[in-house]
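Read off the chains here:
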Amino acid sequence: VLEARIQQLQSDVLVEVKHSEVQFVRTPPSERGGPGVRGIRSTARDSGVAAKEMQDSKKGDAERPSLRTNPSRWMEKLKKERWTKSRKLQQKDKESEPEHRTGKSFKTISGTQPAPRATTGGSKGVRAGSSRDQKQVLSGGRPPSGGEGDSRETELVAVEDRNADSQLGMCSYLEACIFSGDVQRAHSCLLYHHRNLSRRKVLPINAYNIMMRVWAKKGSLNQIGFLFVMLEEAGLKPNLSSYCAALECMGRHGSCSPRVINRCLQQLEEEGLSVQDVFRDCVFREDEREMVLRAMQVVQPDFQPSLDTEARICSSPLVQDFYIKRDEAHYPKMGFSLAELRARFEQQLAMEQADTITIDSVEASKPVTEHMAKMRELLGLLRTQWHPVLLQAFRDSKLVLANNGQKSWKMNLYPYLCLLEEHEYVDIMLQSLVRLQPNGESLLILAKELGNKVYNKYCIRTKARSLMLDKITTIYNRYAELLAEDTESSKHLPRERWAELEAGLNSGPSLPCDDTQWPHILVVQVGAHLVDLMVREVKVHSNILAPAQEKKLIPVLYHMYTFRSNRQVGFIKPHPILMHILSEAMETKLTFDSYVMPMLCPPVPWTSPKFGTYILTPTKLMRSVDGAVQHSQLLEKCPQEDLHAVLDSLNQLGNCAWKINQPLLDIIISIFNAKGSEKLDVPPPVSEAPQSPRFNPREPSLSLAEKAFLKREVAKCRKKQAEMHSLRMDALYKLSIANHVRDQVFWFPHNMDFRGRTYPCPPYFNHLGSDVTRAILLFAEGKPLGRHGLDWLKIHLVNLTGLKKSSSLAERLQYANSIMDDILDSADNPLTGKQWWTEVDEPWQALSCCMEIANASRSPNHTQYISHFPVHQARHYAALGRDVIGATSVNLVPCKVPQDVYSGVAQQVEEFRSRDAEKGLKIAQVLDGFINRKVVKQTVMTVVYGVTRYGGRLQIEKRLREIEDFPKEYVWDASHYLVHQVFSSLKEMFTGTREIQDWLTESARLISKSGRSVEWVTPLGLPIVQPYHRTKNTVLKSSMQHVNLQVSYDASERPDTVKQKNAFPPNFIHSLDSTHMMLTALHCYSAGLTFVSVHDCFWTHAVTVDIMNKVNG
């Protein structure tokens, strides 16, 4: 206890020291000609309506919160101490020549030399040159060259990094208060934290700007002036948003004095900024842009913001020709008229505005039994009972939080519970209730899911309120002209066309919004509050399924604890009564969030890291761990033109239109509803799971060994049941979504992970899914097969079988022709014929291909047959290491016969095995006849990405267990033996690969040891940083339990050396894979091809495979 108290006192002292370091910004003396921060404060007195405002503020302080924040004695003492220290430093500098000083100690800037005035104008060079010295300009002097200014800036950034989550939480709280109309609460919170020096560290400049925007809307120039004074006290410098709010406020005054506006503009220029910067870089909401322009035109009647029309090209040399040489480009059009695209946009907009969508479940096609109807009626009755109970409990909890926050500076969850309609929170809770697994879900995961739902709905409301929707609709209707087939062709890329239209519509709100992203701990906190209400209030009668039993109310959800990896984890488990009702009811409706569904119109193109894809739903350009912000910060610092190639490739992938293979979908649904098929990857229902053995642990006739065995069997059965339920629900969601859009054309918007790998945004149903999902997807646009298209379909079918991996393309085509009877039989009688297709590696894709081949071969002229079928064409370590043998085995160099590295490794491992078997090694003899490509494939694939021998052994063990004839008692020994042989084989085959992997690992180790995260830039200019830092524990206190959040993304913590070095080789290679794919996507778009990818597997029409191969080569 004493140690904890000592640490607390030490941290308190550290806070004060850091504040003394931060508060170095001072007001420029008036004799230098600048009004300084007080210039803004005095504008309230100079404006035409100032007197009335002052009278109003005296009359009714209760109506408007006071913002009087006189400098504290602590500030006066600090200024005096800084002045004394500066005089001592000056005296010391006179006695000896100034030296370059480095270090982390705070150094006061000398105030004797006059500061040069910042030049006006809006050129980038001026801003860049002055931004570093803006702090010195404000404080009245310039530091000696060297590390003094840098060390101070570094310390300021370090303080901000350490408090990043707290600062995000503060901004989120203020925005939530303002959105819900509780300005008084937001103001009091800001004022309390500002006056409390130990809490002021959580107030970034954005927190003050948020309040400035509020007062600007009210036209209160006095309040704006006081906030500028508070910035001075906090040692913060007003930024563009601060001046934007001040000018907006002046613009709302019908009689604001020109002298007041000129004083503000003069101060803006002294900061090295310009009014053009305000219009170019600030994010406007509602009519803010017009108000700022009105203020400017009071002093400069002819003023108009300049448009940045200069075309900037990505600096990567890999794409120079793509952007410059467009004369021969043939950008594709979509097969829809302009009117159709606009109608589709309206459908998508309506779906996103509704937030959720309810669709029919594929289980609805089952015949309804009397028992099923009874269970559905019972479930509906329970919902009608739970809804008012939860609604009242939610209102009561809001009332308690509102009363607890009577000291309105105290932050709690109350504002976040006022963002949506009350019934929407209840709907979120009830939807999550019916999706729980039988074995329950961890409190952390469930809380995060509910919190994210609230945040997404709040973001959609924010966009709708800021008048963005009208602007997006106007631009999209014009943008659709670029894509429609009944309009003229253009040499503009989608991003360029949207940016051009947005710049031309230079009014209204900005499209990239600047809403604060909720910190991870806040999302969990909001969700945990809703989970707590569910656990406490949702109840059911214990005899609802057995009326003869005693009647009493019991909770539907239970909060319990379990252990995972020796850690105690809070768990929410549903009562068996609820799970029985849900399983027996087999509901015919499923409700999803709108972003889960594919888009019904072409996505909004990515134009910046903050804008793209959905119309209203918030989407990140770069996926990251919840709470990590370093990726978005890196993207914001990157020159925007260097991201153009990445954004354009994502837009190309998202613009590919899809449709459903209806005959195949019907076959899959019939098998799904007929208890599934594990062999065909259609999950069976949980009712088919093995039943847990029943026994009494206190039974004296059972020995300890028997009890232990039975407990293991029970745990194994429960695990199997949970896995089957998860797989069944995943398949249900995918098939139901596919069935819902079976008659429509749809699109998958794309974003990427932090390595640059691209992914479709809809999480359940997309072309990156399983064999089942890929099989039911077709290109919406059809193209004639041409002369070689049918041959490519046949070769593609052989590739899907997993056979003939080492055969040439001609041999594969010959093999396909030899099995045409099986192909046609599979197409005609998929479930009643010989079922050849069920024995291959990818059965459903193979069946889909069989159907396409059958239709094409039976057409009058197969070259004119319109095919919608995507044909797939499938490594950079070998190229990096100039490893000829490795490159040959992965088809990086031309070969007469396609190479298969997995078969090569399996063959070499078999040679090692036979040699050991001859020596009498028992396990080598047991493995005779069981080593094949499938057994070693996953391990070979992941070894170069850093998988360990332990992980490789588990992979091989799983493959061996799938072989029915393999003796299960030898699985462990066999997997241990094989993983050793696979690693040895790869070491011999890929010498250069291993060397380059070791070099990358060692480089990452040294970088992370120095205290830096590993960062690099891809050949396309995408900046990448690895978010692996030492884990710190953050405790979230909720009424249910204290949740321990393990945060590994905090950039203020030292890098995790082990994770940094182990992850760098695979992450680096993935980034090169992605670069290659993006380049291919851009050039295919330029050539007019349909192109999508599954990482390093490229899809296109059969007729354009040859063209894509040339582009890819």
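Residues numbered from 1 in each chain as written. Predicted model: local features only at pLDDT ≥ 70, side-chain atom pairs only at ≥ 80, totals over all residues. Heavy atoms only, no water.

Broken down by element type, the protein chain carries 43 helices and 23 strands. In the protein chain, buried positions account for 53% of the 1113 residues. (Helix = DSSP H or I, 4+ residues; strand = E, 2+ residues; numbered from the N terminus. Buried < 20%, exposed > 50% of the residue type's maximum accessible area, 1.4 Å probe, protein only.)

Bringing empty space enclosed by the protein into the picture now. Space inside the largest cavity adds up to approximately 110 Å³. Asp 355, Ile 428, Gln 431, Lys 453, Asn 456, Lys 457, Ile 460, Asp 593, Ser 594, Tyr 595 and Thr 617 are the residues that line the largest cavity. Of all the secondary-structure elements, those providing two or more residues to the lining of the largest cavity are helix H19 (422-433) and helix H20 (443-465). No other element matches H20, which puts 4 residues into the lining of the largest cavity. Of the residues contributing to the lining of the largest cavity, the split by class is 3 nonpolar, 4 polar and 4 charged. (1 Å grid on protein atoms, 1.4 Å probe; cavity = no way out; pocket = protein on both sides within 12 Å on 5 of 7 lines; lining within 4 Å. Points joined across faces, edges and corners; volume = space filled by probe spheres on them. Nonpolar A, V, L, I, M, F, W, Y, C, P; charged D, E, K, R; others polar.)

For the rest of this paragraph, the subject is the sheet that holds strand E6 (residues 567-574). In spatial order, the strands read E2-E6-E5; together these 3 strands make up an open sheet with antiparallel pairing. Of all strands in the sheet, those bounded by a partner on one side alone are strand E2 (441-442) and strand E5 (557-564). In this sheet, E6 lies alongside E2 in antiparallel orientation, the contact comprising 2 bridges. Opposite Ser 442, over in E6, you have Phe 571 as the bridge partner. (Pairing = 2+ DSSP bridges.)

With 8 bridges connecting them, E5 and E6 associate as antiparallel partners. Each residue of the ladder has a partner; that of Arg 564, found in E6, is Arg 567. Once E5 ends, the chain turns through 2 residues before running back antiparallel as E6, passing Ser 565 with a positive phi of about 55°.

Here the focus is the packing of helix H12 (residues 240-252) against helix H13 (residues 258-270). It is at 11 Å that the axes of H12 and H13 come closest, and there the two elements cross at 170°. By the angle between their directions, the pair H12 and H13 is classed as roughly antiparallel. Contact residues: Leu 240, Tyr 243, Ala 246, Leu 247 and Met 250 in H12; Val 260, Ile 261, Cys 264, Leu 265, Gln 267 and Leu 268 in H13. Residues that form the contact of H12 with H13 fall into these classes: 10 nonpolar, 1 polar and no charged. (Axes fitted to C-alpha atoms, helices over the stretch in contact; angles between N-to-C directions. Parallel < 35°, antiparallel > 145°, perpendicular 65-115°, else oblique. Contact = heavy atoms within 4.5 Å.)

One can describe the packing of helix H27 (residues 662-673) onto helix H33 (residues 843-857) by two numbers: an axis separation of 11 Å at closest approach and a directional angle of 140°. Along this stretch, H27 crosses H33, giving a crossing that reads as right-handed. Together, Leu 664, Ile 667, Ile 668 and Ile 671 of H27 and Trp 844, Leu 847, Ser 848 and Met 851 of H33 make up the contact between the two elements. Class assignment of the residues belonging to the contact of H27 with H33 gives a composition of 7 nonpolar, 1 polar and no charged. (Left-handed = near helix turned anticlockwise from the far one by under 90°.)

Further remarks concern the state of the cysteines. In total, this model carries 0 disulfides according to the counting rule given. Between Cys 244, a free cysteine, and Cys 282, which holds the nearest cysteine sulfur, the sulfur-to-sulfur gap is 4.3 Å. Using a relative accessible area of 4% as the deciding quantity, one classes Cys 244 as buried. With no disulfide partner, Cys 459 has as its closest neighbouring cysteine sulfur the one in Cys 513, 7.0 Å distant. (Disulfide = S-S within 2.5 Å.)

The strand order E11-E10-E14 describes an open sheet built from 3 strands, whose pairing is antiparallel. The sheet is open, and its two edges are formed by strand E11 (746-747) and strand E14 (777-779), each paired on a single side. Examined bridge by bridge, strand E10 (residues 657-660) and E11 share 2 bridges and lie antiparallel to one another. The partner of Ala 657 across the bridge, within E11, is Trp 747.

We now examine the pattern of salt bridges. Throughout the structure, instances matching the rule amount to 42 salt bridges. The closest approach of N and O atoms between Glu 288 and Lys 217, which form a salt bridge, is 2.5 Å. With Glu 288 in helix H15 (residues 288-299) and Lys 217 in helix H10 (residues 205-218), the pair connects residues that are 71 residues apart, well separated along the chain. A relative accessible area of 1% means that Glu 288 is categorised as buried. Judged by relative accessible area, Lys 217 falls into the partly exposed class, the value being 31%. Ionic pairing is found between Arg 1005 and Glu 1002, a salt bridge with its closest N-O pair at 2.7 Å. Pair noted here: Arg 1005 and Glu 1002 are both in helix H41 (residues 991-1009), with a separation of 3 residues, about one helical turn. Note on Arg 1005: relative accessible area 28%, which makes it partly exposed. (Salt bridge = Lys/Arg side-chain N within 4 Å of Asp/Glu carboxyl O.)

This part takes up H27. Helix length check: H27 (12 residues) gives 16 Å between terminal C-alpha atoms against 16 Å at 1.5 Å per residue, within 8%. Taken as a whole, H27 has its buried residues at Leu 664, Leu 665, Ile 667, Ile 668, Ile 669, Ile 671, Phe 672 and Asn 673. As for H27, its buried residues are in contact with E10, helix H28 (704-740), helix H29 (771-775) and H33. Just beyond H27, the residue with positive phi is Lys 675, at close to 70°. (Expected span 1.5 Å × (residues − 1).)

Chain-level pLDDT for the protein chain is 81 on average; 82% of the residues reach the 70-or-more range. Low confidence marks residues 95-159, where pLDDT is under 50. Its contacts with residues over four positions away, or in another chain, come to 107 contacts. (pLDDT = per-residue confidence, 0-100.)

As a further point, take unusual backbone geometry. For residues besides glycine, phi is generally negative; the peptide bonds are generally trans as well. The backbone of Asp 355 sits at a positive phi, close to 70°, despite the residue not being glycine. Relative to the assigned elements, Asp 355 resides in the loop between helix H17 (338-353) and strand E1 (356-360). The exposure class of Asp 355 is buried, given its relative accessible area of 6%. Here His 1095, not a glycine, exhibits a phi torsion of approximately 60°, which is positive.

With that out of the way, let us pick up the nonpolar core. Among the nonpolar cores identified, the biggest contains 115 residues, and Leu 190, Tyr 208, Met 250, Tyr 416, Leu 419, Leu 433 and Trp 518 are the most heavily contacted of them. Per-element tally for this core: the top contributor is helix H18 (residues 370-404), with 11 residues. Excluding anything up to four places from it in sequence, Tyr 416 contacts Gly 169, Ser 172, Tyr 173, Ala 176, Tyr 425, Val 454, Trp 518, Leu 522 and Val 526. In this structure, Leu 664, Tyr 733, Phe 779 and Leu 813 belong to the second largest nonpolar core, which totals 72 residues. (Core = buried A, V, L, I, M, F, W, Y, C linked by side-chain atoms within 4.5 Å.)

A few words now on the pairing of strand E20 (residues 1032-1037). Relative to strand E21 (residues 1042-1047), E20 is paired through 6 bridges, and the arrangement is antiparallel. Bridge pairing in E21 links Thr 1034 to Leu 1045. Joining the antiparallel neighbours E20 and E21 is a turn of 4 residues.

Before going further, it helps to spend a moment on the packing of aromatic side chains. Going through the model one piece at a time under the given rule, you end up with 33 aromatic pairs. Here Tyr 476 and Trp 498 contribute two aromatic rings whose centre-to-centre distance is 6.3 Å and whose plane-to-plane angle is 70°, an arrangement assigned as edge-to-face. Highlighted residues: Tyr 476 in helix H21 (residues 468-483) and Trp 498 in helix H22 (residues 494-504), separated in sequence by 22 residues. For Tyr 476, a relative accessible area of 0% gives the class buried. Judged by centre distance (5.9 Å) and plane angle (40°), the ring pair of Trp 498 and Phe 611 falls under tilted. Here the residue Trp 498 occupies a position in helix H22, and Phe 611 occupies one in strand E9 (residues 611-613), the gap between them amounting to 113 residues. Here Trp 498 matches Phe 611 in class, with each residue buried. Above the plane of the ring of Phe 179 lies Arg 465, whose end atom (NZ or CZ) is 3.8 Å from the centre. Across from the ring centre of Phe 672, 3.6 Å away, lies the NZ or CZ of Arg 728, which sits over that ring. (Phe/Tyr/Trp six-rings, centres within 6.5 Å; stacked < 30°, edge-to-face > 60°. Lys NZ or Arg CZ within 6 Å of the ring centre and 35° of its normal.)

This part covers helix H30 (residues 789-801). Since there are 3.6 residues in each turn of an α-helix, residues three or four apart along the chain are aligned in direction. Under the 1.5 Å per step criterion, the end-to-end length of H30 is 19 Å for 13 residues, consistent within 8% with the ideal 18 Å. With respect to burial, H30 is a largely interior element, 11 of its 13 residues being buried. Phi turns positive one or two residues past the end of H30, at Gly 802, with a value near 85°.

Further remarks concern the side chain of His 796. Checked against the element boundaries, His 796 lands in helix H30. Of the residues examined, His 796 reaches a relative accessible area of 3% and is grouped as buried.

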